[in-house]
Amino acid sequence: MGPTKAIKTIANAARLARAGSTIEVDSGDYAGDVAVWEHDGLTVRAVGGRVRLLAQGAAAEGKGIWVVRANGMRVEGFDFEGAAVPDRNGAGIRLEKGSLLVRNCSFMRNEMGLLTSNDPATVLEVENSEFAYNQRPDGHNHNLYVGQIARLSVTGSYFHHARIGHLLKSRAAVNHIFYNRLTDDAGGTASYELEFPNGGVAYVVGNLIAQGTQTENPHMISFGAEGYKWPRNEIHLENNTLVDALPRGGVFLRVAPGADAIRAVNNLLVGPGRLESAGQGVYRNNVTVDPRDYARRLGGTTHNLGATQRMAPPSPR
């Protein structure tokens, strides 16, 4: 579909789609073209370049640019920009139920980047995508906000420049956060870089996570701060680089009392903190380096960092 095709709007394509359809969208800008997706097994992909979805005041069901209630949906090559609604939760995508794979997409300057419901069977996977500059009028935004769903997987993605809210906040039962860059970067004012407020099982592996100098919250990663809701509550940190650029010093990891397990292995800590301050757990081979030495080796500053390195998957428990 596209401006020169018989089907010219994404909204119409969503209405005409049937289970298992593949929808190819011609590159270009689509203004106010919002949609609700409810058929299972859909693949929606950009062809010929990027597809920019510019909300410009429109919102599907008053919720966002796209609303998804479908299993096995795949989305690739879209830029979601400018979602805003009266309840201030306008999202690039609102995932209400089902399973969704988002690949090679971006979420910029929405009130919420990507937002899910609390449906306990929902699954969200994000690959090679970017989240930045998403902001509600009251400032309490999150680039990616995941409710109490079954599973979240985020791989190879870049989160930066949140405003007061978090770079990534997840209440999911199981979380796989692998090989991403979560760095607030110059001018960013994120609170937590990564938060699991209700616990669950979180594997955080091979990421570059850096706290900005303008944050009002000294904690970088938080686990269980709003009370544990799941039968298992474990956090596993392996092979990450954690950078604390606060002049006064921050806290790499905060874990509320009551977690079933804390495991931190093979992490590089840039700054004065210690992971062991999070509580009793397994801590091995976590190396601390001086921020000035680290920045000098990179040829830059600690808040202007390159992409993450691909590292090994988590070791067996």
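Keep in mind that this is a model prediction, so the values were computed, not measured.

About the thresholds
- Residues numbered from 1 in each chain as written.
- Predicted model: local features only at pLDDT ≥ 70, side-chain atom pairs only at ≥ 80, totals over all residues.
- Heavy atoms only, no water.
- Helix = DSSP H or I, 4+ residues; strand = E, 2+ residues; numbered from the N terminus.
- Contact = heavy atoms within 4.5 Å.
- Areas by Shrake-Rupley, 256 points an atom, 1.4 Å probe, with all protein chains shown as cover.
- Salt bridge = Lys/Arg side-chain N within 4 Å of Asp/Glu carboxyl O.
- Phe/Tyr/Trp six-rings, centres within 6.5 Å; stacked < 30°, edge-to-face > 60°.
- Buried < 20%, exposed > 50% of the residue type's maximum accessible area, 1.4 Å probe, protein only.
- Lys NZ or Arg CZ within 6 Å of the ring centre and 35° of its normal.
- Core = buried A, V, L, I, M, F, W, Y, C linked by side-chain atoms within 4.5 Å.
- pLDDT = per-residue confidence, 0-100.
- Pairing = 2+ DSSP bridges.
- Polar contact = N/O pair within 3.5 Å; in protein donor to acceptor, adjacent residues only side chain to side chain.

Caption draft 1: Summary view of the overall build of the protein. Within the protein, the secondary structure is distributed over two helices and 27 strands. Taking the intrachain contacts of the protein between residues at least 6 apart in sequence as the baseline, contacts between residues at least 24 apart amount to 66%. A total of about 12,700 Å² of accessible surface is found on the protein, and carbon and sulfur atoms cover 49% of it.

Caption draft 2: Structural context of the pattern of salt bridges. For the structure on display, the rule yields 17 salt bridges. For R274, the salt bridge goes to E276, with nearest N and O atoms at 3.9 Å. Taken together, the shared-partner salt bridges connect E38, E61, K63, R69 and E96 into one network.

Caption draft 3: Just the packing of aromatic side chains, in detail. According to the stated counting rule, one finds ten aromatic pairs in the structure shown. Judged by centre distance (4.8 Å) and plane angle (10°), the ring pair of F107 and F131 falls under stacked. Within this pair, whereas F107 is found in strand β7 (residues 106-108), its partner F131 is found in strand β10 (residues 130-132), the two being separated by 24 residues in sequence. For the residue pair F107 and F131, the accessibility class agrees, reading buried in each case. With a centroid separation of 5.8 Å and an interplanar angle of 50°, the aromatic rings of F178 and Y179 are classed as tilted. Each member of the pair, F178 as well as Y179, carries the same accessibility label: buried. Through pairs of rings, three or more aromatic residues link up here, namely W37, W66, F78, F80, F107, F131 and F159. In this structure, R109 packs its charged tip against the face of Y133, placed 4.9 Å from the ring centre.

Caption draft 4: Spatial organisation of the nonpolar core. One finds I10, W37, W66, F78, F80, L124 and I235 to be the most contacted residues of the largest nonpolar core, which totals 71 residues. Considering every element that reaches this core, the biggest residue donor is strand β4 (residues 64-76), with seven residues. If we ignore the near neighbours within four places in the chain, the residues touching F78 are I10, V25, V44, R45, A46, R50, V51, L53, W66, N104, C105 and S106.

Caption draft 5: Representation of the confidence of the model for the protein. Summary statistics for the protein give a mean pLDDT of 89 and a share of 89% for residues scoring 70 or more. Note that residues 301-317 has pLDDT below 50 and, in this model, 49 contacts with residues that lie over four places away or in other chains.

Caption draft 6: Seen up close, unusual backbone geometry. Phi angles above zero are rare outside glycine, and R88 is one such case at about 70°. Along the chain, R88 turns up in the loop between β5 (78-81) and β6 (91-103). We note that N285 has phi near 55°; this positive angle belongs to a residue other than glycine. Tracing the sequence through the fold places N285 in the loop between β26 (282-284) and β27 (287-289).

Caption draft 7: A look at the pairing of strand β3 (residues 43-54). Looking at chain direction, strand β1 (residues 22-31) and β3 are connected through nine bridges and run parallel. Residue pairing for β3: D29 is matched across the bridge by R52. As paired strands, β3 and β4 are joined by three bridges and run parallel to one another. When the bridges of β4 are listed, R45 appears paired with E76.

Caption draft 8: Here's a closer look at the pairing of strand β24 (residues 261-265). Summarising burial for β24: four of the five residues are buried, a large majority. Bridging between strand β21 (residues 234-238) and β24 involves five bridges; their strand directions are parallel. Residue pairing in the sheet places I235 in a bridge with I262 of β24. Direction of pairing for β24 relative to β26: parallel, over a ladder of three bridges.

Caption draft 9: Quick peek at the environment of F252. Here F252 lies in strand β23 (residues 251-255). F252 sits in the buried class, given a relative accessible area of 1%. In this structure F252 touches M220, I221, L242, V243, D244, L269, V270, G271, G273, R274 and L275, once residues within four positions along its chain are discounted.

Caption draft 10: View of the environment of L167. Locating L167 in the fold gives a position in strand β14 (residues 166-170). Considered as a pair, L167 and Y145 are 22 residues apart in the sequence and their alpha carbons are 8.7 Å apart.

Caption draft 11: Looking closely at the side chain of N180. For N180, the position within the fold is in the loop between β15 (174-178) and β16 (181-183). Among the polar contacts listed, one links the side chain of N180 to the backbone oxygen of V154, at a separation of 3.0 Å.

Caption draft 12: Focus on the side chain of Q211. Mapped onto the secondary structure, Q211 falls in strand β19 (residues 208-211). A distance of 3.3 Å separates a polar atom in the side chain of Q211 from the backbone oxygen of P218. Ignoring any residue separated from it by four or fewer positions in sequence, one finds Q211 in contact with E193, N217, P218, H219, M220, V243, D244, A245, L246 and G250.

Caption draft 13: Just the environment of R94, in detail. Assignment of secondary structure puts R94 in strand β6. On the basis of relative accessibility, which here comes to 14%, the residue R94 falls in the buried class. The sequence separation of R94 and G113 amounts to 19 residues, and the corresponding C-alpha distance is 9.0 Å. Residues within four places of R94 in sequence aside, it is in contact with K63, W66, V67, V68, D87, N89 and L115.

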